[in-house]
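Spelled out from the first residue to the last, the chains are:
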Amino acid sequence: MDQASILARTYCIKILLILFSITATTPLLADEVISSGWIVPANTPFQTTKPLLEQVVATDSKTDLSHVRIKAEQGYWFIIDLDKQSQSKIEVIYADNSHLAQLDFYTLDENFNPLVEVNNDAYRYVNKVLPHALLPEDEARWAVIYARHSEDDRLSIGLATGNEFANLINKKLRNFFLITGLLLLCLAVVGTVYGLSHQAKSLYLLAYLMCVLSEFLIAKGVLNYFNIEFASLWYTKLQFSFQVIALGVVNFYFIHYLQSQNLLNARQDKLTVYISLFCVAALFSCFMKQSVQFAVVTVCLGSMLVVMSYLFFYWLSNTKKAMQFKFVLVWFAVALQTLCWQATLVAGAQIQQLNDMLLVLNVITFVMLLLIHERKCVMQYSYSLTHDDDTKLPNKQLLIERLDSQVKLSTEHSLLLFRPAVLINARANFGYEHVNEQIKLTMGKLAQQLASMNVLCVEANHQHSRCIARLDDSTYGVVIVGKLELSQVEQFVCVINSVFAEGLTHQRIHLIDKVEIGVANYPLHASTSLQLVQRGLQALAVKPLHGERWHMFNIENVTLSQRRIAIASALKEAIECDQLSLFFQPQIYLNTGKVYGAEALLRWEHPQLGNVPPDLFIPIAESSGIISDLTEWVITQALQYQKKMIVLLPEHIVSINISAKDLLRKDLPVLFITLLNEHQLNPANVMLELTESATLFEGVDIKNALNDYRLIGVKIAIDDFGTGYSSLAYLSKMGFDEIKIDKQFVMNIEYSKNDQTICRATCDIAKSLGSYVVAEGIEDSQSMAKLQSYGCEVGQGYFFSRPLPFDDYMQWLEENLETTTVFVNDLEKVVDLIGKNNY
């Protein structure tokens, strides 16, 4: 038996216990004395009617007065012979109807003369519950009651001793307060549920309970306590109105439910119109006579019964849609209660107890159904909190709960996290629905493989047992119980890889990919469950090297990762707070020694982290999305400095490195145009340096992007040439203005034949393509001489100058220009002297 069935059975037992207790405290009116007497219909006063009364009592045509129907606007005189009653010590006469427009009690002696006028002021509150009169001791022979009402009604007359009458009043009040308290409690419960859930079903039930409570209070004569003049005239109509409204609320909720479940088509939407017309007709009948009311409500109930029956059989014939018997049963229960209330207008107190019992039964049933439904929703919500929606596997929360239990027991265990990369590609190609089904099948196979191994059941109940948890969209976890053994971990890795080696297939497309695996151990790597999960994710994030299939948590990797995170968080602040700076390394013509230009190099001196090299923070900026801001800062600063540098050297070329991430940005050429116009710079004096790997990125789009920059007039250089896989055809297609030889081929050119060959070939290629050649890393005159012999035009390196801050570079540039000018002048004089001597 599932949990829902157990819960439903528990609630049913509770309902039966409540009904039993109410039944036990609601006895039938069996202690009253059933009276009999004479009935005289007359609208005349007592003095006028007295002869008629004397004449009637002379006959033996007595009538049972325990249930009498009276007609509208017709007065009735009821006569009871007190001497003929079998019970002794009769002290009270009462009429079980507190709503009548007029109800007078008289006591007469043997000669039909009125005795002392009956005064019930001392018991006026009791009289509003049950109208009555106290009989004088040993004096009264006859009891006479006059009753009249504006509508057809019923009346029950009884006799009782003082104790019996007191017990009768107590029973009525007790039943009244019990049922009223129950209704108020149900209202509070449903109101609380609506306040928490704001669902339509709670609001409908709240409205229904308010109607039922109002109808019940009016039926029990509560309006009499407020001395409302029209209470006796309108109580039946008000009671009837609330009954009709309650029935309408249930019907409209039934429609609302059908529409929410898409069980009504265009033709069946007419049900709304039918029920609305029935409710309006029944509501208007409240202003008519009781006979009309009874007929209208009966017809409405019958018509709606036909509609409900049609829907019932429509559901039975439609197997694709869920069958909800409870809503049909609810409607039938309300209809039965309405018919029972109408029957009380005819049968009176004889079925009043049944009407109250039906009211209690319906209210408790409805509230219990609501609570059961809410409990089911809470259970479903709780289940969704601890399980994945797509695969129904235990999620991170449930995994941490199980890990917490292991930590409390101080049991050594290891968390193995794995991320099948194939899932990401599969979702992009196959869609979520198909992939989720494939995940369920694959995880089922993996669970079968792991069942015989020493794993922890993350979820174990009477339905299923699961050992695999899903942490996020593509990360899963398995808990290995026991001491950490590398051989055991390797066994788990083999099992996981073998299961996912089959890959995923959909419509003849087969995807196979690697599985990333990370392992962390308690208590070796973590002291809490949350920390263990974090350690496992950190191990999972390590890049695989040298064919490694899995990674154990390593504190060194964590330290490096934390440093990368700290750099990423500080880099944004560095850009905004101007912590960055540009250094310039001169580029020199090898043949003449003149300054060609300078390469702008980015430097970062952090107050806490110290000097952060570009090789470290540039990749971090690319991965964290800050590279765009960084590139804009470099371009802005470099062009500002270029404006000052061309004052000293108009032909000065500034080289700016561009990241591959920013090469395809459409707004970057716009930034160049804006800054070039703002500083009135010649675009031909700006060189964009792109790494060889960047130029191979995205193929055709790179060429289109480079064309955008060439339209501006900016020159393009390929940096670190020789470290990538560029071909001659590729270089010819891109048409670079400058080719830079990487420093790893220049620094050992004096001793390495291979480096000499590469440098010579690069110079030859550049000449054939019409490009300049710039050599990086020149540190001595021998290297410069060799490169010069190969035809290399420009060089940069420590032999000429280290990278310098802007102010230092400006000073260096000024000094270099003076030295070069003197050298050139001296050289011209020597040339002229040699020419004259030759002449």
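For the structure itself, look to the data block above.
Residues numbered from 1 in each chain as written. Predicted model: local features only at pLDDT ≥ 70, side-chain atom pairs only at ≥ 80, totals over all residues. Heavy atoms only, no water.

### Quick look at the overall build of the protein chain
Next, step 1: Along the protein chain, the regular secondary structure elements total 25 helices and 30 strands.
Next, step 2: Pairs at least 24 residues apart make up 75% of the contacts formed inside the protein chain by residues separated by at least 6 positions.
Next, step 3: With the model as given, the accessible surface of the protein chain reaches about 42200 Å², and the carbon-plus-sulfur share is 57%. (Helix = DSSP H or I, 4+ residues; strand = E, 2+ residues; numbered from the N terminus. Contact = heavy atoms within 4.5 Å. Areas by Shrake-Rupley, 256 points an atom, 1.4 Å probe, with all protein chains shown as cover.)

### Concerning the packing of aromatic side chains
Next, step 1: Going through the model one piece at a time under the given rule, you end up with 22 aromatic pairs.
Next, step 2: Look at Tyr94 and Phe165: their rings are 5.9 Å apart centre to centre, the planes differ by 40°, and that puts the pair in the tilted class. Residue Tyr94 is found in strand E6 (residues 92–95), and its partner Phe165 is found in helix H4 (residues 162–197); the two are separated by 71 residues along the sequence.
Next, step 3: When the ring of Tyr589 is compared with that of Tyr596, the centres are 5.3 Å apart and the planes differ by 90°; the resulting orientation is edge-to-face.
Next, step 4: For Tyr589, a relative accessible area of 26% puts it in the partly exposed group.
Next, step 5: Take Tyr596: its relative accessible area is 5%, and that puts it in the buried class. (Phe/Tyr/Trp six-rings, centres within 6.5 Å; stacked < 30°, edge-to-face > 60°. Buried < 20%, exposed > 50% of the residue type's maximum accessible area, 1.4 Å probe, protein only.)

### Side note on helix H17 (residues 614–624)
Next, step 1: Looking only at H17, the buried set comprises Phe617, Ile620 and Ala621. Seen end-on, H17 carries its buried residues on one side only, within an arc spanning 100°. Facing away from the buried surface of H17 by more than 90 degrees, the exposed residues are Asp615 and Ser623.
Next, step 2: Where H17 terminates, the next one or two residues include Gly625, which has phi positive at roughly 85°. (Arc of directions from axis to C-beta.)

### Topic: helix H11 (residues 396–408)
Next, step 1: Its 13 residues give H11 an end-to-end C-alpha distance of 18 Å, which sits within 8% of 18 Å, the value for a rise of 1.5 Å per residue.
Next, step 2: Within the sequence span of H11, burial applies to Leu398, Leu399, Ile400, Leu403, Gln406 and Val407.
Next, step 3: Measuring from the backbone nitrogen of Gln397 back to the side-chain oxygen at the start of H11 gives 3.2 Å, which picks out Asn395 as the cap.
Next, step 4: Looking at the residues trailing H11, positive phi occurs at Ser410, about 55°. (Expected span 1.5 Å × (residues − 1). Polar contact = N/O pair within 3.5 Å; in protein donor to acceptor, adjacent residues only side chain to side chain.)

### Focus on the environment of Gln788
Next, step 1: Looking at where Gln788 falls in the secondary structure, it is placed in helix H24 (residues 781–790).
Next, step 2: Classification of Gln788 as partly exposed rests on a relative accessible area of 30%.
Next, step 3: Discounting chain neighbours no more than four positions away, the residues touching Gln788 are Leu590 and Asn591.
Next, step 4: There is a polar contact of 2.9 Å between the side chain of Gln788 and the side chain of Asn591.

### Looking at the sheet that holds strand E5 (residues 76–81)
Next, step 1: Taken together, 5 strands build an open sheet; the order of strands is E3-E2-E5-E9-E7 and the sheet is antiparallel. Edge strands, defined here as strands with exactly one partner in the open sheet, are strand E3 (63–64) and strand E7 (102–108).
Next, step 2: Sheet topology places strand E2 (residues 36–41) next to E3; 2 bridges connect them, and they run antiparallel. Residue pairing in the sheet places Ser36 in a bridge with Asp64 of E3. (Pairing = 2+ DSSP bridges.)

### Re unusual backbone geometry
Next, step 1: The linkage connecting Tyr522 with the following residue, Pro523, adopts the cis geometry, with an omega of 10°.
Next, step 2: If you trace the backbone, Pro523 turns up in the loop between strand E19 (515–522) and helix H15 (529–540).
Next, step 3: With a phi angle near 60°, Glu73 is a residue other than glycine that sits in the positive phi range.
Next, step 4: Relative to the helices and strands, Glu73 is located in the loop between strand E4 (68–70) and E5.
Next, step 5: In this structure, Ser410 is a non-glycine residue whose phi angle is positive, near 55°.
Next, step 6: Tracing the backbone through its elements, the reader meets Ser410 in the loop between H11 and strand E12 (413–420).
Next, step 7: Judged by relative accessible area, which is 57%, Ser410 ranks as exposed.

### Considering the nonpolar core
Next, step 1: Counting residues in each nonpolar core, the largest one holds 77 residues, and the members touching the most others are Phe584, Ile656 and Leu787.
Next, step 2: It is helix H18 (residues 627–648) that provides the largest number of residues to this core, a total of 9 residues.
Next, step 3: Beyond its immediate chain neighbours, meaning those up to four positions away, Leu787 contacts Leu590, Val746, Ile749, Cys759, Ala775, Ile778 and Cys792.
Next, step 4: With 27 residues, the next largest nonpolar core counts Leu183, Leu187, Phe366 and Leu370 among its residues. (Core = buried A, V, L, I, M, F, W, Y, C linked by side-chain atoms within 4.5 Å.)

### Examining the environment of Leu52
Next, step 1: Relative to the helices and strands, Leu52 resides in helix H2 (residues 46–57).
Next, step 2: For Leu52 and Ala42, which are 10 residues apart along the polypeptide, the C-alpha to C-alpha distance reads 9.4 Å.

### Let's talk about the pairing of E12
Put simply, side chains in a regular strand alternate between the two faces of the sheet.
Next, step 1: Extensive coverage of E12 is indicated by the burial of 7 of its 8 residues.
Next, step 2: Sheet topology note: the E12/strand E16 (residues 476–481) ladder contains 6 bridges and is antiparallel. Among the inter-strand pairings, Leu415 is bridged to a residue of E16, identified as Val479.
Next, step 3: Here E12 runs beside E19; their pairing, made up of 8 bridges, is antiparallel. Residue pairing across strands places Ser414 opposite Asn521, the latter belonging to E19.

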